[in-house]
Amino acid sequence: MDFLLRPWPWYVSGPLIALVLLILVYFGKTFGMSSNLRTLCSIGGAGKYSDFFKFDWKTYRWNLVVVLGAIFGGFIAVTLLSDGSTIALNPETVSDLRELGFYNAGESLLPAEIYDWGSVFSLKGLAILIVAGFLVGFGTRYAGGCTSGHAITGLSNLQLPSLIAVIGFFAGGLIMTHVLLPLIFGT
């Protein structure tokens, strides 16, 4: 049971991801979460309003299992397979986050300063969620896929656009961490 309660090392999780990708390639499928949003919108009737959503969503319903697996797997991991230990963060990271106003860094999976209901329904919290949601949605569509689709499927298929997208994801993450986060949450 101890094996399940701790993060899996790369030499276990990496080959499992590779195995899943080999199976998907064998069956001519690709992996990515953002394509599920398009499928869900199509199921909901968005094809009446936009040609982008006019496609045979039934051929993609197998991929909705990925969403269900992520939801149920996350629930099982948190409720049944968690030992309750804090997240191991570098002490310098904790110090940097405290300077930005994140006082419980590493004690919970999500920082209350952003995800607590009081923070979410504040003007600043709503603005962050709306702008971030728009940027993620626009960026995913503009890049032709999400981080999991490009970084896992695209790179494993040696696709140059996926390499460019992943480099952009990392650059965006660095800009967010070192420039925007201090501007938004700095005191």
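Within each chain, residues carry numbers counting from 1 in the order of the written sequence. Where totals are concerned, whole chains, interfaces and linings use all residues; where local detail is concerned, this predicted model gives features only for residues with pLDDT of at least 70, and gives and counts side-chain atom pairs only at 80 or more. Only hydrogens and water are set aside when side-chain values are computed; all heavy atoms of the structure are taken into account.

Considering the packing of helix 3 (residues 34–43) against helix 4 (residues 64–79)
Here is step 1: Following both chains from N to C, one finds helix 3 and helix 4 inclined at 110°, their axes separated by 9 Å at the closest point. When the axes of helix 3 and helix 4 are compared, the pair comes out roughly perpendicular. Classified by chirality, the crossing of helix 4 by helix 3 is left-handed. For the pair helix 3 and helix 4, contact is made by Asn36, Thr39, Leu40 and Ile43 and by Leu64, Val66 and Val67, respectively.
Here is step 2: Asp, Glu, Lys and Arg are counted as charged, while Ala, Val, Leu, Ile, Met, Phe, Trp, Tyr, Cys and Pro are counted as nonpolar; the rest, among them Gly, fall into the polar class. A breakdown of the residues in the contact of helix 3 with helix 4 according to their chemical character gives 5 nonpolar, 2 polar and no charged. Only the stretch in contact is used when a helix axis is fitted, and all axes are lines through C-alpha atoms; the angle between N-to-C directions ranges over 0 to 180 degrees. Helix numbers and strand numbers start at the N terminus; a helix is a DSSP run of H or I with at least 4 residues, a strand a run of E with at least 2. When describing relative orientation, an angle under 35 degrees is termed roughly parallel and one over 145 degrees roughly antiparallel, while 65 to 115 degrees is termed roughly perpendicular and anything else oblique. Here is the rule for handedness: rotate from the far helix to the near one, and if that takes an anticlockwise turn smaller than a right angle the crossing is left-handed, while a clockwise turn gives right-handed. By definition in these notes, contact holds between two residues if any of their heavy atoms fall within 4.5 Å.

As for unusual backbone geometry
Here is step 1: Of note in this structure, Leu158 is not a glycine but carries a positive phi near 60°.
Here is step 2: Summarising the element assignment, Leu158 is placed in the loop between helix 9 (147–156) and helix 10 (160–185).
Here is step 3: Per-residue accessibility, obtained with a 1.4 Å probe over protein chains only, is compared with the maximum for each type, and a residue is labelled buried under 20%, exposed over 50%, and partly exposed between these values. A residue is classified by how much of its surface remains accessible, and Leu158, at 78% relative accessible area, is exposed.

Notes on the pattern of salt bridges
Here is step 1: Salt bridges are defined by distance alone: a side-chain nitrogen of Lys or Arg within 4 Å of a carboxyl oxygen of Asp or Glu. Under the criterion given, the structure shown has 1 salt bridge.
Here is step 2: Residue Lys54 is joined to Asp51 by a salt bridge in which the shortest nitrogen-to-oxygen separation is 3.3 Å.

Considering the side chain of Thr39
Here is step 1: Note that Thr39 resides in helix 3.
Here is step 2: Sequence-distant contacts of Thr39, defined by excluding residues within four places in its chain, comprise Phe55, Trp57, Tyr60 and Leu64.

Here we look at helix 3
Every α-helical turn comprises 3.6 residues, leaving residues that sit three or four positions apart pointing alike.
Here is step 1: Within helix 3 the residues assigned to the buried category are Ser34, Asn36, Thr39 and Ser42.
Here is step 2: Against the buried residues of helix 3 lie helix 4 and helix 8 (123–143).
Here is step 3: Count one or two residues on from helix 3 and you reach Gly45, which has phi positive near 100°.

A word on the state of the cysteines
Here is step 1: Cysteine sulfur atoms that pair up within 2.5 Å are treated as a disulfide. Applying the stated rule across the entire model yields 0 disulfides.
Here is step 2: Cysteine Cys41 remains unbridged, with the sulfur of Cys146 as its closest cysteine sulfur at 14 Å.
Here is step 3: Assessed through its relative accessible area of 34%, Cys41 is described here as partly exposed.

What about the environment of Arg98?
Here is step 1: Counting through the fold element by element, Arg98 comes out in helix 5 (residues 91–99).
Here is step 2: The exposure class of Arg98 is partly exposed, given its relative accessible area of 41%.

Considering a nonpolar patch on the surface
Here is step 1: Candidates for patches are residues over 30% relative accessible area with no salt bridge; among them, like charges are joined within 9 Å and nonpolar side chains (Val, Leu, Ile, Met, Phe, Trp, Tyr) within 5 Å. Note that accessible areas follow from Shrake-Rupley with a 1.4 Å probe, and for residues the cover is restricted to the protein chains shown. Taken together, the side chains of Phe3, Leu4, Trp8, Leu16, Leu19, Ile23, Tyr26 and Phe27 present a nonpolar region at the surface, about 890 Å² in accessible area.
Here is step 2: Listed by contribution, the elements that provide at least two residues to the nonpolar patch are helix 1 (2–5) and helix 2 (10–26).
Here is step 3: The leading source of residues in the nonpolar patch is helix 2, at 4 residues.
Here is step 4: Looking at Ile23, the relative accessible area reads 43%, which means it is partly exposed.

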